[in-house]
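Tertiary structure, described
Each chain, letter by letter, is given below.
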Amino acid sequence: MDARLEAVRDTVLARNPGESEFHQAVVEVFESLGPVHDRHPEFLEAAILERLCEPERQIIFRVPWTDDSGRVQINRGFRVEFNSALGPYKGGLRFHPSVYLGIVKFLGFEQIFKNALTGMPIGGGKGGSDFDPRGRSDAEVMRFCQSFMTELYRHIGEYTDVPAGDIGVGGREIGYLFGQYKRITNRYESGVLTGKGISWGGSLVRPEATGFGTVIFTEEMLKTRGSSFDGQRVVVSGSGNVAINAIAKAQALGATVVACSDSSGYVVDEAGIDVGLLRQVKEVERGRLKDYVLRRSGVSYVEAGSVWDVDATVALPCATQNELDGGAAARLVRNGLLAVGEGANMPSTRDAVAVFQEAGVLFGPGKAANAGGVATSALEMQQNASRDSWSFEHTEQRLTDIMVGIHHRCASTADEYGDPGNYVLGANIGGFVKVADAMLAQGLI
Ligand code: NDP
Ligand code: 2IT
């Protein structure tokens, strides 16, 4: 790493003890930024990096609620409003028992660069709670969401901060959150949340957008080698919103997705995952992946194993951070891997990224490859602001154009900085320069 940046890095790590995922995200970005500071000494003088690493505002709050048996439960809520140089804070809410400040800050930090890459007017933020929705009734989820919003509402707004979904937060939760916001504020402020239902201010394509976008970005990478998804053997991790829609799009482009997973195990389906059945099991019934196997013949289920043990030419990690390590990466590379598109945020460890890059595997980092979700959230905000709603075809075309644009920005930035094909460098520098320029123009705030 560039010596000038090392000192900043050390200060950031020391000021944020115990937040290992945040440290990992910061170090990965800093490793790309030396050449930018050679060209732009003004960024160093204005302490852009120090300011970028310190969130503009961090909110932590108590979320009390009552479960179905009448017992009081207490969770912790977070919203980190990281950077508003380009627009209102924008980013999802994650409900998962592993959530703590270090996770929210890593996600919020990544979101700054991701949102900049989309070319849309959105800043970076993230939030969530250590609430575990698994096994909770709809009524419990509703009471939790209402309590969460009773505190959060004072911090958000169409022009301030616009949350959306992430792990454990989908259409159901956004509905309960929106209802409570509307009730407290007495405003039908559609643009305060994205991922809304289609009949009450949502956008077509938003549910599909992250998975579709990841595949579109990966297809653009494959094209640079004269290849495409057609005929590829694909493994996807996860079986949630991002994974299901990545599977659907990859298969629509002619690939066969032979495996997917949840946190309990993975399924191998050599004929190609039946997306209709997967949606029924996971989205309609809110069941486990194991239930998929019971309804389809010729399919195997591996309890507690790693889905990365299944050979693939294209890997799409779409579950969670640090789910694909150096050992798994080396095994995939030995068995013919061509490309990785990260649908999740930071799913590959730093070791894994190094293995992919040394082997010449096309590697699309999450902040570029999964930006289609937040980009389509910004399209939802546009529709809300103009009180309009667009067709599926129009919105999907906008998403495609945005993803092709992000790929182009990453690739051309990597070329410009002398490391062709390095999408990590391209994404980090491309996102950073846009935010840094805006921060410089807006003075010391
Ligand atoms: P969902 O809650 O819909 O699905 C999450 C999936 O990942 C589930 O299959 C879940 O399995 C699995 N998973 C979650 N945590 C773990 C864990 N600790 N270990 C193993 N598996 C795990 O979330 P999304 O699909 O929305 O999000 C997936 C990833 O994509 C996340 O990294 C998220 O940040 C990222 N992302 C999401 C966007 C969106 O628009 N939703 C946009 C951009 C990125 P199980 O059910 O067993 O927990
Ligand atoms: O990580 C992400 O980009 C998201 N969870 C989507 C955020 C959004 O505001 O749509």
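Here we summarise the structure given alongside this text. Note that this is a predicted model, so its numbers are computed, not measured. (Residues numbered from 1 in each chain as written. Chains lettered and ligands numbered in written order. Predicted model: local features only at pLDDT ≥ 70, side-chain atom pairs only at ≥ 80, totals over all residues. Heavy atoms only, no water.)

**Considering the pattern of salt bridges**
Pairs can form between side chains of opposite charge once their charged atoms are near each other. This structure, assessed with the given rule, holds 32 salt bridges. The salt bridge involving Glu 54 is made with Arg 15; its shortest N-O contact spans 3.2 Å. Residue Glu 54 is found in the loop between α5 (48–52) and β1 (57–66), and its partner Arg 15 is found in helix α1 (residues 3–15); the two are separated by 39 residues along the sequence. Looking at Arg 15, the relative accessible area reads 56%, which means it is exposed. Between Arg 331 and Asp 311 there is a salt bridge; the shortest N-O distance is 3.3 Å. On the criterion of sequence distance, the pair formed by Arg 331 in helix α13 (residues 326–334) and Asp 311 in the loop between β9 (300–303) and β10 (314–317) is long-range, its members being 20 residues apart. Accessibility expressed as a relative area gives 33% for Asp 311, which makes it partly exposed. When salt bridges with common partners are traced through the structure, they connect Asp 2, Arg 4 and Asp 38 into a single cluster. (Salt bridge = Lys/Arg side-chain N within 4 Å of Asp/Glu carboxyl O. Helix = DSSP H or I, 4+ residues; strand = E, 2+ residues; numbered from the N terminus. Buried < 20%, exposed > 50% of the residue type's maximum accessible area, 1.4 Å probe, protein only.)

**Focus on the nonpolar core**
Residues Phe 229, Leu 316 and Ile 406 are the most contacted members of the largest nonpolar core, which totals 56 residues. Once residues within four sequence positions are removed from consideration, Ile 406 is found in contact with Leu 117, Thr 118, Phe 217, Ala 368 and Ala 371. Counting 39 residues, the second largest nonpolar core, distinct from the first, contains Leu 52, Val 80, Ala 116 and Ala 438. (Core = buried A, V, L, I, M, F, W, Y, C linked by side-chain atoms within 4.5 Å. Contact = heavy atoms within 4.5 Å.)

**What about the sheet that holds strand β5 (residues 161–164)?**
Spatial ordering of the open sheet is given by β1-β2-β4-β3-β5, a layout of five strands whose pairing is mixed. Since the sheet does not close on itself, it has two edges, and those belong to β1 and β5, each with one partner. The mean angle between the axes of side-by-side strands here comes to 20°, regardless of whether they run parallel or antiparallel. When strand β2 (residues 72–83) meets strand β4 (residues 124–129), the two strands line up antiparallel, connected through six bridges. Following the sheet pairing, Asn 83 is matched in β4 by Gly 124. (Pairing = 2+ DSSP bridges. Axes fitted to C-alpha atoms, helices over the stretch in contact; angles between N-to-C directions.)

Function cannot be inferred from these measures alone, as they are strictly geometric.
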